[in-house]
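# Tertiary structure, described
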Amino acid sequence: MKGMHDKMQKRKIKQLFRFLDRYGYTCIIIGFYLALAWGLFISEAIRGFLEGDIILGVGFLLIGMIMFLSAIGMLLKKWKEFMDGGTEETAFTRMDKAMMGIRMNACDDEFVKEEEMNQLDRGSKEIYDILYEKVMKDENKKFDSVIVYAAGLAGYACHKVVKKTSDTLFSLVETKDGKVYYLGEAINKLLLENKYSVYRFAAASYMMATKSNEHPGVLGIVKDVAEGIGDDAYRIRGIFHPGEVYIEVQKLYNGVCKEVINEYCNAFIEQEILFASALSYILLNEMKNKEPEQIDELFNTAMEVACMISKMDNDSI
């Protein structure tokens, strides 16, 4: 219980610092309002009362209280925006409505409750921030597409979850050059079939961006990945070398993402939901104001990356 309490306290402190980082200038303005309300108007009201000038005292008190309450209201509004993930213009709140059905369906599973789903959602927004603010702003980044990193992490998490459960759940395929790939129904369920699969989250973004009720196709992508196993010339979307993607994703998973995993995932299996949810937010953000064919390509890239990386381990490169 003490460990859980310390974890909650650490999370609250971290949220406070993230809030100040995101709304620092707003907090300065609110602080100025509070200082002005107290330092000028309320202090003048007190002086008026002490000198017997009731009208002056009441007037300054009303002005001071209005400014004080307005500042508190502004602060609470910004805090609510922060806890919701942002304003209506961000990917977070636009995505929340589309994701609600997936979240509530996932809550039917015995190991994922509603409060845990909400916790994972908050964690996925931290992954979103990490990928945009740290990874994509790094001059030495390997790839220019944030989708490659986000989808790679989702696929990597699928593999880690199955491997943690049991190595016997994999169907191993060894290529002529000795590389091993990890296939099987357990991977396919997390990647494509479950109520909380990577595909379900990515498809929610696609349908939100295209304003469509039809789920995007994914069988062609699965076929491309299957045919690419063992082919040295194969590149994800004809561009990205699977081994290079795997190495970069592994670095992220064991590096800047590890703290988020430890903080928000109560069970190992929840990692897949954490990264799938982060991918959904990133997809929707990247799909914003794009043409239909560009949206299709973003979705296809995400699913091909996730599908390929989910079948890889250190002996696959």
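Residues numbered from 1 in each chain as written. Predicted model: local features only at pLDDT ≥ 70, side-chain atom pairs only at ≥ 80, totals over all residues. Heavy atoms only, no water.

A separate point is the overall build of the protein chain. When you go through the protein chain residue by residue, the secondary structure sums to 13 helices and two strands. When each of the 317 residues of the protein chain is scored for burial, the buried share is 45%. Within the protein chain, residue pairs in contact and separated by at least 24 positions form 72% of the contacts whose partners lie at least 6 positions apart. Element-wise, carbon and sulfur atoms account for 57% of the exposed surface of the protein chain, whose accessible area totals about 16,400 Å². (Helix = DSSP H or I, 4+ residues; strand = E, 2+ residues; numbered from the N terminus. Buried < 20%, exposed > 50% of the residue type's maximum accessible area, 1.4 Å probe, protein only. Contact = heavy atoms within 4.5 Å. Areas by Shrake-Rupley, 256 points an atom, 1.4 Å probe, with all protein chains shown as cover.)

A few words on the side chain of Thr301. Tracing the chain through its elements places Thr301 in helix H13 (residues 292–310). Owing to a relative accessible area of 9%, Thr301 belongs among the buried residues under this scheme. When near neighbours in sequence (up to four residues on either side) are disregarded, Thr301 contacts Ile147, Arg237 and Phe240.

The next thing to look at is the pattern of salt bridges. Taken as a whole and judged by the stated rule, the model has seven salt bridges. Between Lys137 and Glu133 there is a salt bridge; the shortest N-O distance is 2.8 Å. Note on Lys137: relative accessible area 56%, which makes it exposed. One salt bridge connects Lys163 with Asp313, and the closest N-O pair in it is separated by 2.9 Å. Linking Lys163 in helix H6 (residues 146–165) with Asp313 in the segment after H13, this pair joins segments that are 150 residues apart in sequence. We classify Asp313 as buried; its relative accessible area is 7%. Three or more residues are tied together by salt bridges with common partners; here these are Arg237, Glu297 and Glu304. (Salt bridge = Lys/Arg side-chain N within 4 Å of Asp/Glu carboxyl O.)

The tally for this structure, following the rule as stated, stands at nine aromatic pairs. For the ring pair Phe143 and Phe240, a centre distance of 5.7 Å and an interplane angle of 85° mean the geometry is edge-to-face. In this pair, Phe143 is assigned in the loop between helix H5 (114–135) and H6 and Phe240 in the loop between helix H9 (219–228) and helix H10 (242–254), connecting sequence segments 97 residues apart. Take Phe240: its relative accessible area is 13%, and that puts it in the buried class. (Phe/Tyr/Trp six-rings, centres within 6.5 Å; stacked < 30°, edge-to-face > 60°.)

Glancing now at the pairing of strand S2 (residues 180–183). Relative to S2, strand S1 (residues 171–174) is paired through four bridges, and the arrangement is antiparallel. When the sheet's bridge partners are listed, Leu172 is paired in S2 with Tyr182. Between the antiparallel neighbours S1 and S2 lie five residues, among them Gly178 with a positive phi of about 90°. (Pairing = 2+ DSSP bridges.)

The next thing to look at is the environment of Lys134. The topology assignment puts Lys134 in helix H5. Considering only alpha carbons, one finds Lys134 and Val256, 122 residues apart in sequence, at a separation of 8.9 Å. Those residues in contact with Lys134, other than ones at most four positions away along the chain, are Asp129 and Val256.

Let us now look at the packing of helix H7 (residues 185–193) against H13. Contact geometry for H7 and H13: axes closest at 11 Å, N-to-C directions at 165°. By the angle between their directions, the pair H7 and H13 is classed as roughly antiparallel. Seen from above, H7 lies across H13 with right-handed handedness. Packed against H7, whose contacting residues are Ile187, Leu191 and Leu192, the element H13 presents Met303, Ala306, Cys307 and Ser310 at the interface. Of the residues in the contact of H7 with H13, the class split is six nonpolar, one polar and no charged. (Axes fitted to C-alpha atoms, helices over the stretch in contact; angles between N-to-C directions. Parallel < 35°, antiparallel > 145°, perpendicular 65-115°, else oblique. Left-handed = near helix turned anticlockwise from the far one by under 90°. Nonpolar A, V, L, I, M, F, W, Y, C, P; charged D, E, K, R; others polar.)

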